[in-house]
Amino acid sequence: MQRWASTAAVSSTSIAMPSASVVDAPCTSTTPTSSDTCASLRTTCNEVNSCRKKERTKAGRRRRSDGGIAPRVLAKHKARRRSRRAEDEASGGRDETMSKTTGVAVAAAAVVAGAVFLYHQPKIADASKQVVARVQAASMRPIVLKASNGVKVHVVPVGASVVQLWVPDREGNVTDVVLGFDDFQAYVDGRSPYMGSVVGRCANRIGHATFQLGGRTYALSANDGKHALHGGREGFDKKTWRVDALVTTTEGESVTLSYISEDGEEGYPGRLHAKVTYRLQNCSEPGQAELRVEFEATTTEATPVNLVQHSYFNLKGQGRGDVLSHTVQLEADQYTPVDEELIPTGEIHDVEGTPLDFREEKVLGKQLIQVPGGFDHNFVIRGEMGKLRPAATVKEQKTGRKLEVWTNVPGLQFYTGNFLDGTLCGKEDMTYHRHAGLCLETQGFPNAINLRQFPNVVVRPGEVYRHTVVYKFSTF
């Protein structure tokens, strides 16, 4: 299993409208306002205007018939026109001059503003980069949980990821047993194949990146060929989770992180509020450690939810070879077969007589010989779903480390790092080759949203999704 959040400001313009007192004010005239009266008024006005025009015409004729008056009047009119024309020409010249002056001033102001912007632009860009860097640094800063016996867990807000997990061997030597990166940017840019991260909204594969729910068809982001894997192109593993609480008690230390997935994110319906709590318990024995992971989620609309912790374990220590010498035992009598594209067929088969039979402790390397592509299968955990029960046990003979996994969900994806190919440089400059780690992903069944015979993965408004997984470390 593998892979790794813009707001738009809208401004509104206020348009001044006439007040109601103006728009709705009644006419204060006492004149009748019927259509006949209005027509009568218009006729009267036309007649008056016609009479006035006739009177002006007669007066003009009388002036022109007077031998000396008309020429003097005409001369005055011509003089006035010449004076106005001269003033207009002078005014036009002034306007043109002012226009040119204004244009030059505006251009000069633009040049100055541009120069000021260019002068300050590097500073603005640097300030923006500094803000982004501070935000990224905050999202990458590890939160360290410590137990009384020296066990430590490092968690970063990006992907709510476990980036280090230090546990002792039988000699008391404390070693980091999870794969990961010193360069935390790898958890954001897609280099990390989900190492240590919380994956969701719906972990594992959804066939053809579509599902139907409530009479509607939802199209998801296809990021595994034509299928959706681990929540899509930008699943929860690439999101920066908010740190809600850091708690220290006599029983141990814990951190709670949350993330809100908006309606429509990666194609999923409903606004989902997801939380994860990592609790590192104090243990009385020097070689013991217990990390408890608790998921919760609520939604505004019906939606599939399957939150998974995706750590890669190597009990010899991260970067110290492969996991082929580990022994594995799974509390599963059945598994869900897949097609050539790793999509479950909907069937449930018995493990008996197959290389997937880990009901008794088996050396992983010997079983992998029978499965050339490696293990990437969902196992049906025996016992009552919803109750905390054992799911898997892994041992490493040389160091004496032992890991037990307990959970309350129905499935366990057992993955043996098949896609690690030596191109990833992990912590302490270690190269991660094939089978450098193994994953024990407790989960709902893959593609369950499209296979109704599988246990339900749909969470509806008013319901609370809960998933618990406990990693118990000890020595033998």
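What counts, and at which threshold
Along each chain, residue indices are assigned from 1 in the same order as the chain's sequence is written. Only residues with pLDDT of 70 or above have their local features reported here, since the model is predicted, and side-chain atom pairs are shown and tallied only from 80 upward, although totals for entire chains, interfaces and linings are computed over all residues. Side-chain calculation: all heavy atoms of the structure are included, whereas hydrogens and water are not. A run of H or I in DSSP becomes a helix once it reaches four residues, and a run of E becomes a strand once it reaches two; helices and strands are each numbered from the N terminus. Exposure categories follow from relative accessible area, calculated using a 1.4 Å probe and restricted to protein chains: below 20% of the type maximum is buried, above 50% is exposed, and the middle band is partly exposed. Only the protein chains shown count as cover for residues, and the accessible areas themselves come from Shrake-Rupley with a 1.4 Å probe. Known as pLDDT, the predictor's per-residue confidence is scaled from 0 to 100. We call two residues in contact whenever any of their non-hydrogen atoms come within 4.5 Å of each other. Between any two strands, pairing holds if DSSP finds at least two bridges. Only the stretch in contact is used when fitting a helix axis, every axis being a line fitted to C-alpha atoms; angles between N-to-C directions are given from 0 to 180 degrees. Side-chain atoms within 4.5 Å link the members of a nonpolar core, which is a set of buried Ala, Val, Leu, Ile, Met, Phe, Trp, Tyr and Cys residues. Working definition: rings of Phe, Tyr and Trp (its six-membered ring) pair if their centres are within 6.5 Å, and the pair is stacked with planes under 30 degrees apart, edge-to-face with planes over 60 apart, and tilted otherwise. Any pair of nitrogen or oxygen atoms within 3.5 Å is treated as a polar contact; in protein, a donor-acceptor pairing is required on top of that, and neighbouring residues in sequence qualify only through side-chain atoms on both sides. By salt bridge we mean one thing: a side-chain nitrogen of Lys or Arg within 4 Å of a carboxyl oxygen of Asp or Glu.

## Some points on the overall build of the protein chain
From N to C terminus, the protein chain includes four helices and 28 strands. The proportion of buried residues among the 476 residues of the protein chain is 43%. About 25300 Å² of surface is accessible on the protein chain, with carbon and sulfur atoms providing 53% of the total.

## With respect to the confidence of the model for the protein chain
Mean pLDDT over the protein chain stands at 83; residues scoring 70 or higher make up 72%. Here residues 2-42 is modelled with pLDDT under 50, and outside its nearest four sequence neighbours on either side it reaches 30 contacts, counting other chains as well. In the predicted structure, residues 62-69 sits below a pLDDT of 50 and forms three contacts with residues beyond four places in sequence or in another chain.

## Thoughts on the sheet that holds strand E4 (residues 174-176)
Here we have four strands laid out as an open sheet, ordered E1-E2-E3-E4, and antiparallel in their pairing. Among the strands making up the open sheet, the edge pair consists of strand E1 (143-146) and E4. Pairwise comparison of adjacent strand axes, ignoring direction, gives a mean angle of 15° for this sheet. The pairing of strand E2 (residues 152-156) with strand E3 (residues 161-168) spans five bridges and is classified as antiparallel. Across the sheet, Lys-152 pairs through a bridge with Trp-166, a residue of E3.

## Remarks on the environment of Leu-356
Considering the arrangement of structural elements, one finds Leu-356 in the loop between strand E18 (349-350) and strand E19 (362-363). Accessibility expressed as a relative area gives 7% for Leu-356, which makes it buried. Counting along the chain gives 58 residues from Leu-356 to Phe-414, while the straight-line C-alpha distance between them is 9.9 Å. Excluding residues within four positions of it along the chain, Leu-356 makes contact with Tyr-335, Val-351, Phe-375, His-377 and Phe-379.

## Quick notes on the nonpolar core
Membership of the largest hydrophobic core comes to 60 residues, with the highest contact counts inside it found for Tyr-278, Phe-414 and Phe-473. Core analysis: the second largest hydrophobic core is formed by 18 residues, Leu-213, Val-380, Val-457 and Val-458 among them.

## Focus on the sheet that holds strand E26 (residues 439-443)
With antiparallel pairing, five strands are arranged side by side in an open sheet as E18-E17-E20-E23-E26. Of all strands in the sheet, those with a lone pairing partner are E18 and E26, marking the two edges. The pairing of strand E17 (residues 332-336) with E18 spans two bridges and is antiparallel. Residue pairing across strands places Tyr-335 opposite His-349, the latter belonging to E18.

## Quick notes on the pairing of E3
Of all eight residues making up E3, seven are buried, and the element is well covered by its neighbours. Hairpin connection from E2 to E3: four residues lie between these consecutive antiparallel strands, with Gly-159 at a positive phi of about 70°. Relative to E4, E3 is paired through three bridges, and the arrangement is antiparallel. Opposite Val-167, over in E4, you have Thr-175 as the bridge partner. Remark: five residues form the turn of the hairpin made by E3 and E4, two consecutive strands paired antiparallel; Gly-172 in that turn has positive phi of roughly 90°.

## Some remarks on the packing of aromatic side chains
Under the defined criterion, the tally for this structure stands at 16 aromatic pairs. Centre to centre, the rings of Phe-445 and Phe-454 are 5.1 Å apart; their planes meet at 85°, and the pair counts as edge-to-face. Note on accessibility: Phe-445 and Phe-454 belong to one class, buried. Among the aromatic residues, those joined into a cluster by ring pairs are Phe-181, Phe-184, Tyr-187 and Tyr-432.

## What to know about the side chain of His-227
Relative to the helices and strands, His-227 is located in the loop between strand E8 (216-219) and strand E9 (228-229). Taking relative accessible area as the criterion, His-227 reaches 3% and is therefore assigned buried. At a separation of 2.7 Å, a polar atom in the side chain of His-227 contacts the side chain of Glu-341. The residues contacting His-227, other than those within four sequence positions of it, are Ile-206, Gly-207, His-208, Ala-209, Ser-221, Ala-222, Glu-341 and Ile-343.

## Some thoughts on unusual backbone geometry
Put simply, Gly-200 and Arg-201 share a cis peptide bond, and its omega is 10°. With respect to the secondary-structure elements, Arg-201 resides in the loop between strand E5 (197-199) and strand E6 (205-206). Positive phi, close to 55°, is recorded for His-230, a residue that is not glycine. Note on placement: His-230 falls in the loop between E9 and strand E10 (242-249). Positive phi is not limited to glycine here, since Glu-266 has a value of about 55°. Note on Glu-266: relative accessible area 17%, which makes it buried.

## Comments concerning the pairing of E10
Across seven bridges, E10 lies against strand E11 (residues 252-261) in antiparallel orientation. Its bridge partner being in E11, Leu-246 is matched across the sheet by Val-255. Where E10 folds back on E11, the antiparallel hairpin that results is connected by two residues.

## Observations regarding the pattern of salt bridges
For side chains bearing opposite charge, pairing can occur when the charged atoms are close. In the structure shown here, the tally under the stated rule is 18 salt bridges. A salt bridge links Asp-376 to Arg-205; the nearest nitrogen and oxygen atoms lie 3.8 Å apart. Note that Asp-376 is positioned in strand E20 (residues 376-381) and Arg-205 in strand E6, a separation of 171 residues in sequence. A relative accessible area of 3% places Arg-205 in the buried class. Taking the shortest distance from any N to any O, the salt bridge between Glu-361 and Lys-395 comes out at 3.4 Å. Residue Glu-361 is found in the loop between E18 and E19, and its partner Lys-395 is found in strand E21 (residues 389-396); the two are separated by 34 residues along the sequence. Of the residues examined, Glu-361 reaches a relative accessible area of 39% and is grouped as partly exposed. By sharing partners, the salt bridges in this structure join Asp-183, Asp-189 and Arg-191 into a single network.

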